[in-house]
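One-letter residues, chain by chain:
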Amino acid sequence: MVGVVSSAKFEELYQPSWALDHLTTEGEILRMKLDNQSGTGFQSKSKYMFGKVTVQIKLVEGDSAGTVTAFYMSSEGPTHNEFDFEFLGNTTGEPYTVQTNVYVNGVGNREQRLNLWFDPSKDFHSYSILWNQRQVVFLVDDTPVRVHSNLEHKGIPFPKDQPMGVYSSIWNADDWATQGGLVKTDWSHAPFVASYKGFEINGCECPATIATAENTRRCSSSGAKRYWWDEPVMSELSVHQSHQLIWVRANHMVYDYCTDTARFPVAPVECQHHQHKTTTHN
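All of the points below concern the structure found in this document. Keep in mind that what you see is a predicted model, and the values were worked out from it rather than measured. One numbering rule holds for all chains: residues counted from 1, following each sequence as written. pLDDT decides what is reported in this predicted model: residues at 70 or higher carry local features, side-chain atom pairs at 80 or more are listed and counted, and totals for whole chains, interfaces and linings draw on all residues regardless. Where side-chain values are given, they derive from all heavy atoms of the structure, hydrogens and water being excluded.

Here we come to the environment of His22. The secondary structure listing takes helices from DSSP runs of H or I that are at least 4 residues long and strands from runs of E that are at least 2 residues long, numbered from the N terminus. Tracing the sequence through the fold places His22 in the loop between strand E1 (14-18) and strand E2 (23-26). The spatial distance from the C-alpha of His22 to the C-alpha of Gly39 is 7.0 Å, given a sequence separation of 17 residues. Residues are treated as being in contact if the distance between any of their heavy atoms lies within 4.5 Å. Apart from residues lying up to four places away in sequence, His22 is in contact with Arg31, Met32, Lys33, Asp35, Gln37, Ser38, Gly39 and Thr40. The definition of a polar contact used here is a pair of N or O atoms within 3.5 Å, where within protein one atom must be able to donate a hydrogen and the other to accept one, and adjacent residues in sequence count solely through side-chain atom pairs. A distance of 3.0 Å separates a polar atom in the side chain of His22 from a polar atom in the side chain of Asp35.

The following block contains the structure:
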């Protein structure tokens, strides 16, 4: 099993990307703050092809309305791929909303939203993105909350040929983040602070000097070279994970683009697949 890059130290894997004075470290904890001057963000030093990225985040406490904290993977360019966790703040006592999205070849519009089964501002919880040639899985404390499957056999493009960086940021998005933009950011509660620890990237590192096609080949298992993310057990959810996902969708999902007939009078193809699959299982 090769090609595993793993670390828990921020500075080994990441660097601040903007507003460096809004980013501080205390021991193993990184704090990012948003005030009425600026938000801030960080990005991985390398790009990766396949693997799993994890970070532990403690979200903004108290009144976080109007703020968005994001943790995501993205490639570059107009036809980029992107896997997003966006945490939409709320007024004190109201639950945080977690929005996930998947962009393929520059096209997103695949939002799902859920409320969590815990208060994510009270303690650190782990958020992970697992990516291989069969699926993209979003996990919260190792519980899958979303799966984007490879349906290339149905003519749907799947993100598997662009190396991706890992990013996080906090910013003011009160034009849309809370109740569709009705609730604005209350700057008297600033600074809004998101805390991070437990940085891990277990994936295939892609040096900038290597051509993309070569990276695709290099980061896929062949012959004696076996990557853990290509193992059969990683190609789909286990039975236990499938049950967890069904539980999450039944109890915590508050929006799914697949069922939004106003936006999509005809359900997107990958949604038809999903609905068919769920009915066959029931």
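As summarised here, the arrangement of the seven strands in space is E2-E3-E14-E5-E10-E11-E12, forming an open sheet in which the pairing is antiparallel. Looking at the sheet topology across the chains shown, the edges are occupied by E2 and strand E12 (143-149). Neighbour-to-neighbour, the strand axes of this sheet turn through a mean angle of 25°, independent of strand direction. Inspection of the sheet shows strand E11 (residues 135-140) paired to E12 by six bridges, in the antiparallel sense. Paired strands, in this sense, are two strands between which DSSP finds at least two bridges. Throughout, an axis means a line fitted to C-alpha atoms (over the contacting stretch in the case of helices), and angles, computed between N-to-C directions, take values from 0 to 180 degrees.

Attention shifts here to the packing of aromatic side chains. Any Phe, Tyr or Trp ring, taking Trp's six-membered ring, that has another such ring centre within 6.5 Å forms a pair; planes under 30 degrees apart are called stacked, those over 60 apart edge-to-face, and the others tilted. For the structure shown, the criterion picks out 20 aromatic pairs. Arranged with centres 5.3 Å apart and planes meeting at 20°, the rings of Tyr72 and Tyr167 form a pair that is stacked. A residue pair is termed long-range when its members are at least 10 positions apart, and Tyr72 in strand E6 (residues 67-74) and Tyr167 in strand E13 (residues 165-172) qualify at 95 residues. Each residue in the set Phe10, Tyr14, Phe42, Tyr196 and Phe199 is aromatic and connected to the rest through ring pairs, giving one cluster. Between the NZ or CZ atom of Lys197 and the centre of the ring of Phe124, over which it lies, the distance is 4.6 Å. Comment: the charge-over-ring label is applied if NZ (Lys) or CZ (Arg) is within 6 Å of the ring centre and within 35 degrees of the ring normal.

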